[in-house]
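# Structural description and commentary
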Protein chains: 2
Amino acid sequence: MHAVTDRCTKVARNFNMERLRNNYLFPEISARELEHIKKYPNAEVIRLGIGDTTEPIPDIITSAMSDCARSLSTPDGYRGYGAEQGDKELIYSIFSVQALRKAIAQTFYGDLAVRDTEVFVSDGSQCDISRLQLLLGSNVTIALQDPSFPAYIDSSVIIGQAGDFQYKTGKYRNIEYMKCGPKNNFFPDLSNTSRTDIIFFCSPNNPTGHAASREQLEQLVEFARENGSIIVYDSAYAAYITDKSPQSIYEIPGAREVAIEVSSFSKSAGFTGVRLGWTVVPKELLFSSGFPVVNDFNRIICTCFNGASIIAQAGGLACLSPEGYKAMLSVVDYYKENAQILLDTFASLGLKAYGGVNAPYVWVHFPGSRSWDVFSEILEKTHIITVPGSGFGPGGEEFIRVTTFGRRETILEASARLKSLFP
Amino acid sequence: MHAVTDRCTKVARNFNMERLRNNYLFPEISARELEHIKKYPNAEVIRLGIGDTTEPIPDIITSAMSDCARSLSTPDGYRGYGAEQGDKELIYSIFSVQALRKAIAQTFYGDLAVRDTEVFVSDGSQCDISRLQLLLGSNVTIALQDPSFPAYIDSSVIIGQAGDFQYKTGKYRNIEYMKCGPKNNFFPDLSNTSRTDIIFFCSPNNPTGHAASREQLEQLVEFARENGSIIVYDSAYAAYITDKSPQSIYEIPGAREVAIEVSSFSKSAGFTGVRLGWTVVPKELLFSSGFPVVNDFNRIICTCFNGASIIAQAGGLACLSPEGYKAMLSVVDYYKENAQILLDTFASLGLKAYGGVNAPYVWVHFPGSRSWDVFSEILEKTHIITVPGSGFGPGGEEFIRVTTFGRRETILEASARLKSLFP
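Quick notes on the rules
Residues numbered from 1 in each chain as written. Chains lettered and ligands numbered in written order. Predicted model: local features only at pLDDT ≥ 70, side-chain atom pairs only at ≥ 80, totals over all residues. Heavy atoms only, no water. UniProt positions renumbered as here; feature names shortened; annotations may be inferred. Domains from an automatic or database assignment. Contact = heavy atoms within 4.5 Å. Buried area = accessible area lost by both parts, 1.4 Å probe. Salt bridge = Lys/Arg side-chain N within 4 Å of Asp/Glu carboxyl O. Polar contact = N/O pair within 3.5 Å; in protein donor to acceptor, adjacent residues only side chain to side chain. Helix = DSSP H or I, 4+ residues; strand = E, 2+ residues; numbered from the N terminus. Least-squares fit on C-alpha atoms with pLDDT ≥ 70 in both. Phe/Tyr/Trp six-rings, centres within 6.5 Å; stacked < 30°, edge-to-face > 60°. Buried < 20%, exposed > 50% of the residue type's maximum accessible area, 1.4 Å probe, protein only. Lys NZ or Arg CZ within 6 Å of the ring centre and 35° of its normal. Axes fitted to C-alpha atoms, helices over the stretch in contact; angles between N-to-C directions. Left-handed = near helix turned anticlockwise from the far one by under 90°. Nonpolar A, V, L, I, M, F, W, Y, C, P; charged D, E, K, R; others polar.

Chain A has the name Aminotransferase class I/classII large domain-containing protein in an unreviewed UniProt entry, where Camellia sinensis is given as its organism. The Sequence similarities (unreviewed entry) comment attached to chain A in UniProt states, word for word, "Belongs to the class-I pyridoxal-phosphate-dependent aminotransferase family. LL-diaminopimelate aminotransferase subfamily." Quoted verbatim from the Cofactor (unreviewed entry) field of the UniProt record, the comment on chain A reads "pyridoxal 5'-phosphate".

Written out as structure tokens, the structure reads:
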């Protein structure tokens, strides 16, 4: 408890912040790691927890960023806010390099007719999700996959869309949890899902690693169209898709009228520290009054954001050149090989593991166990950090998430330690 | 008007977004510029509107960024989310380079005992203001200087703190406008100011260019302490202070218990495109319950943000080295010389101009004129873009803001054109 003294201001704490239950998941895991290091100061901890990239960025991409940085010291190369002086679409492009918006539209949506003016370059999808929440406000109802990436639900609570947290169920009131697990092939039973204004949907999914199939996404778009809902589709892991699963929601006919897509260079180009992402808001997406959603998003971007670093944008542009794209995907392949090693490891231990094929996460089932207990046991006995599945929602109980980002030798060492834990 | 058709979703537009009156100021000015260019395709337009830096960044700073970018291609140099692996303060530092937080604390707050864990590195102050609004929520009351930078009021409307816009007064209901003009030496009459939870205060001020004196800031802190208010102090232009005005609110005794400070490298280091800023939240700042504000801010940062680009952070660190700092301030001096040229120009025209001494803005008075009319007249006759003062609030009527960012030859040309307009 905190003491009320005459040093306190008279400003009441935001009730929405008070409603947030726990610490944000990843700092909580960091805290557990710190405790562990104190207890075992000589242990060599392996971090397969927070999904953080480890492989160097290909030269062709960092050279472009390095050149951009250097050019800022020259009169001709210097750029401030407006990256494209004299651009014909100043209003839209004031905060992003027009060439990058075009390259994103062409590379990722070539046949799907996403226009460059519908692409908003950002500093990452987590940040864009919060900006979308500002746009949507507190009066919309939301649904999300359970389990799912905690930023959706936490940002919903912060903006005021959620009711109280129920300790009994592990859920907030007024939020529709769409359970996704092995029993329903990681896709919600929509016949049993209440209508909400907004549906957050992440595919390939974090944490389960499941990429929704075309049929599943057709169902989802159909559901949104019937209900007049907006899908916020997070495709941050699309570069990892190996099979025929769609890489964008816009591959589904009719999606432009019901879906926003949020995506990122973080996990494809290793830009977790560089910071670059984008959001697509199609012009056909309309509020109930007919007002275009893209107009409000543009307004939010202008008021609450000043654009991604132009150095990062230069890097993004290099990622989308033919050579850069190939180099970028070779790093993705490396992580996918890691995934196969971990999938084989868990299979050899007789554990059911999901994901890994279309995503850099492996989702391991420990039937009957509590996931924080599994997390603790693995940490205690192997010095490996994972993420307890329940950190992603009650639907994640009994699971742990293992990231496949890591140097090969680290992944092999983790594999060996896991094999010795479950002999 | 927009047509309601069966293509519309059933999601209602956020009422707060609907309440926002105009386009965001700067895109509106860009639109006027586009019209002008259409009308005069051969005119050489001079942009003294949006305060965008123009001078190359000193080599020592861009080299650091270039090196950082290049190092991301090496196994040892690669960094992802957690810039400081193994750092002892993982929870706080997970999203910013610990060394930069320390350097900011020491360089800008050396004698004022701001701890590095109270410094949050960001991608700029406009972005941090929106994140602060998320933290504060819709139930707080706010005051702000009139005129002031539009992001404060617009973000307040977006988060739901404001009432309806009143066309008669040019003000939103439920917001306390603290008029600042020549008559009160650009400092509000606090005896006549209602108590609010939050007081946004920008010094040196954008747009008026006025830096509050020590006595004025003592009054402000005293007022906040008496009322139990929180000051959100924007010191983005502090590097421009020439006289004895405080560069930080923490120079005022007692400020740590009532003030947050937001600041930026944009206008000091020319980082408008690079994106880097910071916010200080002292541990002594408490909500009415005794709960520390810094805890909620940390939570917001973890949930809604993923840190500034590490390349930009490397640049910030270089700015704070002894040589980098000197180089950075030499660019500030250049813009201050521009300011003097413009001040002299307006003085020679018999116009009253304020600011310019402690800030990169000159605030010019046109008694009896409407500022959009002055804007249009200057644009029409000299092809110079300025900013109409009323864009910053009703208190800005009769004024225009002229930025002093610009190449010297541009400023001299602008001066010549202005002299010919008002002969």
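Residue and element names in this part refer to chain A. Per the domain assignment, the segments making up chain A are domain 1 (15-56 + 324-421) and domain 2 (59-321). Computed from C-alpha atoms alone, the centre-to-centre distance between domain 1 and domain 2 is 24 Å. Residue-level contacts link 38 residues of domain 1 with 53 residues of domain 2. Of the roughly 3500 Å² buried between domain 1 and domain 2, counting both surfaces, carbon and sulfur atoms make up 62%. Our count for the contact surface shared by domain 1 and domain 2 stands at one salt bridge. Arg19 serves as the salt-bridge partner of Asp164, at 3.1 Å between the closest nitrogen and oxygen. Where domain 1 meets domain 2, there are 20 residue pairs in polar contact (both at pLDDT 80 or more). If you list the elements that add at least two residues to the side of domain 1 that touches domain 2, you get α1 (15-19), α2 (25-39), α12 (322-348), β11 (352-355), β12 (361-365) and β15 (399-403).

Here we take up the relation of the copies chain A and chain B. Each of the two chain copies goes to the other by way of a rotation about an axis and a shift along it. Here chain A sits on chain B after a turn of 180° about the axis and a move of 0.0 Å along it, with an RMSD of 0.0 Å. The superposition operator between the copies reduces to a two-fold rotation axis. No C-alpha of chain A lies nearer the rotation axis than that of Ser66 of chain A, which sits 2.1 Å from it. A shared binding surface is used by both copies, with 99% of the interface residues of chain A retained as interface residues in chain B.

Moving on, we come to the packing of aromatic side chains. In this structure the tally under the stated criterion is 48 aromatic pairs over all chains. When the centroid spacing of 5.8 Å and the interplanar angle of 80° are considered together, the rings of Phe149 of chain A and Tyr152 of chain A count as edge-to-face. Accessibility expressed as a relative area gives 13% for Phe149 of chain A, which makes it buried. The exposure class of Tyr152 of chain A is buried, given its relative accessible area of 1%. Ring plane angle 25° and centroid distance 5.2 Å describe the contact between Tyr152 of chain B and Phe200 of chain B, whose orientation is recorded as stacked. Of this pair, Tyr152 of chain B sits in helix α7 (residues 150-159) while Phe200 of chain B is found in strand β7 (residues 198-202), placing the two residues 48 residues apart along the sequence. Take Tyr152 of chain B and Phe200 of chain B: they sit in the same class, and that class is buried. Three or more aromatic residues joined by ring pairs make a cluster, and in this case those are Phe108, Tyr109, Tyr250, Phe265, Phe271, Trp278 and Tyr325 of chain A. Between Arg101 of chain A and the ring centre of Phe120 of chain A, over which it is positioned, the NZ or CZ distance is 5.4 Å.

What follows is about the environment of Arg195 of chain A. With respect to the helices and strands, the residue Arg195 of chain A is situated in the loop between β6 (175-179) and β7 (198-202). Once the C-alpha coordinates of Arg195 of chain A and Glu398 of chain A are considered, the two residues, 203 residues apart in sequence, prove to be 28 Å apart. Those residues in contact with Arg195 of chain A that sit more than four places away from it in its chain are Asn227, Gly228 and Ser229 of chain A together with Lys10 and Val11 of chain B. In terms of polar contacts, Arg195 of chain A uses its side chain to reach the side chain of Asp197 of chain A, at 2.9 Å. A distance of 2.8 Å separates a polar atom in the side chain of Arg195 of chain A from the backbone oxygen of Asn227 of chain A.

This part takes up the packing of helix α6 (residues 125-136) of chain A against helix α7 (residues 150-159) of chain A. Residues and elements named next belong to chain A. Packing of α6 against α7 brings their axes to within 10 Å, and their N-to-C directions diverge by 35°. Seen from above, α6 lies across α7 with right-handed handedness. Between α6 and α7, the residues in contact are Gln126, Ile129, Ser130, Gln133 and Leu134 and Ala151, Tyr152, Ser155, Ser156 and Ile159, respectively. Looking at the contact of α6 with α7 residue by residue, the classes come out as five nonpolar, five polar and no charged.

Time to look at unusual backbone geometry. Residues and elements named next belong to chain A. The peptide bond linking Asn206 to Pro207 adopts the cis configuration, its omega dihedral lying at 20°. Here the phi dihedral of Asn185 falls at roughly 50°; this positive angle occurs in a residue that is not glycine. Residue position: Asn185 is located in the loop between β6 and β7.

Residues and elements named next belong to chain A. As for its placement among the helices and strands, Arg101 is situated in helix α5 (residues 98-109). For Arg101, a relative accessible area of 0% translates into the label buried. Among the polar contacts listed, one links the side chain of Arg101 to the backbone oxygen of Val119, at a separation of 2.6 Å.

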